[in-house]
Amino acid sequence: MILKILAFGITKDIFGTSEKEIEIDEGADVEALKTLLEKDFPELKKLKSYFIAVDDEYAEDSQIVTVSNEIAIIPPVSGG
């Protein structure tokens, strides 16, 4: 299946765009998505942390993703 991934902040720079399409197996979970993204974009591994949001909520690694989900990569955020 093809997932559309939204990227923000530094992850947008890593992807080179704010939206990326990723091909992944049906029934894949967030952990599998992270593994695939880190394989295709090794710079992600250098981040202190990042989160995957599915349909506007932080997702657990075991959550299954589908083509109907809105998926976003949330980079580390700092503030003061």
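In this text, all values refer to a predicted model and were calculated from it rather than measured experimentally. (Residues numbered from 1 in each chain as written. Predicted model: local features only at pLDDT ≥ 70, side-chain atom pairs only at ≥ 80, totals over all residues. Heavy atoms only, no water.)

S.K.: For this particular structure, what's the right way to read the pattern of salt bridges?
M.R.: Enumeration over the complete set of coordinates arrives at three salt bridges. Between Lys46 and Glu43 there is a salt bridge, with the nearest N and O atoms lying 3.1 Å from each other. By relative accessible area, Lys46 is classed as exposed at 65%. Judged by relative accessible area, which is 41%, Glu43 ranks as partly exposed. (Salt bridge = Lys/Arg side-chain N within 4 Å of Asp/Glu carboxyl O. Buried < 20%, exposed > 50% of the residue type's maximum accessible area, 1.4 Å probe, protein only.)

S.K.: Is there a simple way to think about the pairing of strand β3 (residues 51–54) in this case?
M.R.: Two faces, one strand: in a regular strand the side chains alternate between the faces of the sheet. Bridge count between β3 and strand β5 (residues 71–74): four bridges; the pairing is antiparallel. Bridge pairing in β5 links Ala53 to Ala72. The sheet contact formed by β3 and strand β4 (residues 57–58) spans two bridges and is antiparallel. Note that in β4 the partner of Val54 across the bridge is Glu57. (Pairing = 2+ DSSP bridges. Helix = DSSP H or I, 4+ residues; strand = E, 2+ residues; numbered from the N terminus.)

S.K.: Looking at this structure, I do not really get the sheet that holds strand β1 (residues 2–7). What am I missing?
M.R.: Pairing between the strands of a sheet is mediated by backbone hydrogen bonds and can be parallel or antiparallel. Strand order in the open sheet made by the five strands is β2-β1-β5-β3-β4, with mixed pairing throughout. Each having just a single partner strand, β2 (19–23) and β4 make up the two edges of the open sheet. The sheet contacts of helix α2 (residues 30–40) involve β1, β2, β3 and β5, and relative to β3 the element is tilted by about 130°. (Contact = heavy atoms within 4.5 Å. Axes fitted to C-alpha atoms, helices over the stretch in contact; angles between N-to-C directions.)

S.K.: Explanation requested: the environment of Asp40 in the structure shown.
M.R.: Within the element layout of this structure, Asp40 appears in helix α2. Sequence-wise, Asp40 and Ile22 are 18 residues apart; in three dimensions their C-alpha atoms are separated by 9.5 Å.

S.K.: Just checking my understanding: could you explain a negative patch on the surface for this structure?
M.R.: Residues Asp55, Asp56, Glu57 and Glu70 make up a contiguous surface patch of negative charge. By the element assignment, Glu70 lies in the loop between β4 and β5. (Patch = residues over 30% accessible without salt bridge, like charges linked within 9 Å, V, L, I, M, F, W, Y side chains within 5 Å. Areas by Shrake-Rupley, 256 points an atom, 1.4 Å probe, with all protein chains shown as cover. Lys, Arg positive; Asp, Glu negative; His and termini not counted. Charge placed at Lys NZ, Arg CZ, Asp CG, Glu CD.)

S.K.: Please explain the environment of Val30 as it appears in this structure.
M.R.: Among the structural elements, Val30 can be located in helix α2. Beyond its immediate chain neighbours, meaning those up to four positions away, Val30 contacts Ile52, Val54, Ala59, Glu60, Asp61, Gln63 and Val65.

S.K.: Would you mind showing me how to read the pairing of β1 here?
M.R.: Here five bridges tie β1 to β2, and the two strands are oriented antiparallel to one another. Bridged to Leu6 within β2 is Glu19. Note that β1 and β5 share three bridges and pair parallel. Note that in β5 the partner of Ala7 across the bridge is Ile73.

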